[in-house]
Amino acid sequence: MRRRGGDFTFQVELRRKDDAELLGLEVVMRQTHMKVVLVKPSGLVATWNEGVDKSINKVRAGDLIEMINGVGRSAKDMLEVMKEKSVLTMIMRRPTHFGVNLQRVPGKPLGIKLAKEVDAFLIVSVDDEGMVADWNQENPGNAISSGDRVVEANGVCGIADQIMAVMMIDDVLLELVVARC
C-alpha cells in the first residue's frame, strides 16, 4: 500500500486453477491502463476481495489497473497477459476524488471542454471564463484541470449521458465529483 500524488496504489495477486476461471471484472480499455467498471459477484477478484483483511485493498469500480505481471503502459499488452497467464500480479491505483459545487446560472457557461467516455467525461480544457474558472480561482487546492474526469453529478454516476443531462440543467446547485487521474 502506497500513495502517489494523493492516489492509493495496491497490489492484487490472483491465481487461476484452470483456463476457464474468470476474473469477474468489467473494464474500460484506456490507452495506458484499464478502468474497472464492475466487480462481478463471482470470479477471482470477488474471491480476492472476500479474503482481504483491509477493505481499502479490495478492488472496486473506479480502480485503475496500471500493470499486470510487470507489463504496463499499454492496456492492449496487459490484456494479452491477462489471457495467457494463470498467475496475475496486478498493480492497482485508486484515483483521488474531490467534490465541486457550482451554482448553475442561466446564460453563464460551465467553461470546460469535455470528451465523452462510457461512464464519465474527460475534461479536455478549462476556459479562462465561466463557472469552473470562478471555482478554480476560489479553490486553488481543488482546481479543476485538463485530464480530470467528471464521474458524478448530483448523485448520478456510471453513465455519461445521464451525467451530462444533470450538468445541463440551469438554475440548480450542481454537485460534481471529480476524479484526478
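Structure's up top.
Here the structure is a predicted model, which means the values were calculated and not measured.

Colleague: When you look at the overall build of the protein chain in this model, what are you seeing that I'm missing?
Modeller: On a plain count of helices and strands, the protein chain comes out with 4 helices and 13 strands. A principal-axis box enclosing the C-alpha atoms of the protein chain has dimensions of 60 × 30 × 30 Å. Across the 181 residues in the protein chain, those meeting the buried criterion constitute 40%. A sequence separation of at least 24 residues applies to 61% of the contacts in the protein chain between residues at least 6 apart.

Colleague: I'm lost on the layout of surface pockets in this one. Help?
Modeller: Over the atoms a probe the size of a water molecule is rolled, and this reveals where empty space is left. Approximately 340 Å³ is the volume found for the largest pocket. Lining the largest pocket are 22 residues, with Lys35, Ala61, Gly62, Asp119 and Val151 positioned closest to its centre. Elements with a contribution of two residues or more to the lining of the largest pocket: β4 (34–39), β11 (148–153) and β13 (173–180). Quantified by volume, the second largest pocket comes out at close to 260 Å³. If you go around the second largest pocket, you meet 15 residues; those closest to its centre are Arg16, Leu22, Leu23, Gly24 and Leu25. Where the lining of the second largest pocket is concerned, the elements lending two or more residues are β3 (25–29) and α2 (75–84). When grouped by side-chain class, the residues that make up the lining of the second largest pocket number 6 nonpolar, 3 polar and 6 charged.

Colleague: Help me understand the packing of aromatic side chains in this model?
Modeller: One pair of aromatic rings is described through two measures. These are the centre distance and the angle between the planes. Tallied over the full model, the rule gives 1 aromatic pair. Residues Phe8 and Phe10 carry aromatic rings whose centres are separated by 5.4 Å and whose planes lie at 25° to one another, so their mutual orientation is stacked. Since its relative accessible area comes to 4%, Phe8 is described here as buried. Taking relative accessible area as the criterion, Phe10 reaches 3% and is therefore assigned buried.

Colleague: Any chance you could explain helix α3 (residues 131–138) here in plain terms?
Modeller: Three or four residues apart is the spacing at which side chains of an α-helix point the same way, because the helix has 3.6 residues per turn. Buried residues of α3: Met131, Val132, Ala133, Trp135 and Asn136, and no others. Of the surrounding secondary structure, the elements contacted by the buried residues of α3 are β8 (96–103), β9 (112–116) and β10 (121–126).

Colleague: When you look at unusual backbone geometry in this model, what are you seeing that I'm missing?
Modeller: If you check the backbone angles, Asn154 has positive phi at about 50° while not being a glycine. Inspection of the secondary structure assignment puts Asn154 in the loop between β11 and β12 (156–157). For Asn154, a relative accessible area of 31% translates into the label partly exposed.

Colleague: For this particular structure, what's the right way to read the side chain of Asp119?
Modeller: Along the polypeptide, Asp119 turns up in the loop between β9 and β10. Residue classification places Asp119 among the buried residues on the basis of a relative accessible area of 9%. A distance of 2.9 Å separates the side chain of Asp119 from the side chain of Lys35, its partner in a polar contact. Not counting the four nearest positions on each side in its chain, Asp119 is found in contact with Arg30, Lys35, Val37, Val151, Gly158, Ile159, Ala160 and Ile163.

Colleague: Looking at this structure, how should I read helix α1 (residues 44–51)?
Modeller: All of the buried residues in α1 are Leu44, Val45, Ala46 and Asn49. Along its buried surface, α1 packs onto β2 (7–15), β3 and β4.

Colleague: Sorry, what's going on with the environment of Ile112 here?
Modeller: Residue position: Ile112 is located in strand β9. The spatial distance from the C-alpha of Ile112 to the C-alpha of Lys58 is 33 Å, given a sequence separation of 54 residues. Among all residues touching Ile112, those that are not within four sequence positions of it are Ile123, Ser125, Val126, Asp127, Val132 and Met167.

Colleague: How should the pairing of β4 be read in this particular structure?
Modeller: A regular strand places its side chains on the two faces of the sheet in alternate fashion. As judged from the 5 bridges shared by β3 and β4, these two strands associate in the antiparallel manner. Counted as the bridge partner of Leu25 is Val39 from β4. Pairing of β4 with strand β5 (residues 64–68), which is carried by 2 bridges, proceeds in the antiparallel orientation. If you follow Lys35 over to β5, its bridge partner there is Leu64.

What counts and how
Residues numbered from 1 in each chain as written. Predicted model: local features only at pLDDT ≥ 70, side-chain atom pairs only at ≥ 80, totals over all residues. Heavy atoms only, no water. Helix = DSSP H or I, 4+ residues; strand = E, 2+ residues; numbered from the N terminus. Buried < 20%, exposed > 50% of the residue type's maximum accessible area, 1.4 Å probe, protein only. Contact = heavy atoms within 4.5 Å. 1 Å grid on protein atoms, 1.4 Å probe; cavity = no way out; pocket = protein on both sides within 12 Å on 5 of 7 lines; lining within 4 Å. Points joined across faces, edges and corners; volume = space filled by probe spheres on them. Nonpolar A, V, L, I, M, F, W, Y, C, P; charged D, E, K, R; others polar. Phe/Tyr/Trp six-rings, centres within 6.5 Å; stacked < 30°, edge-to-face > 60°. Polar contact = N/O pair within 3.5 Å; in protein donor to acceptor, adjacent residues only side chain to side chain. Pairing = 2+ DSSP bridges.

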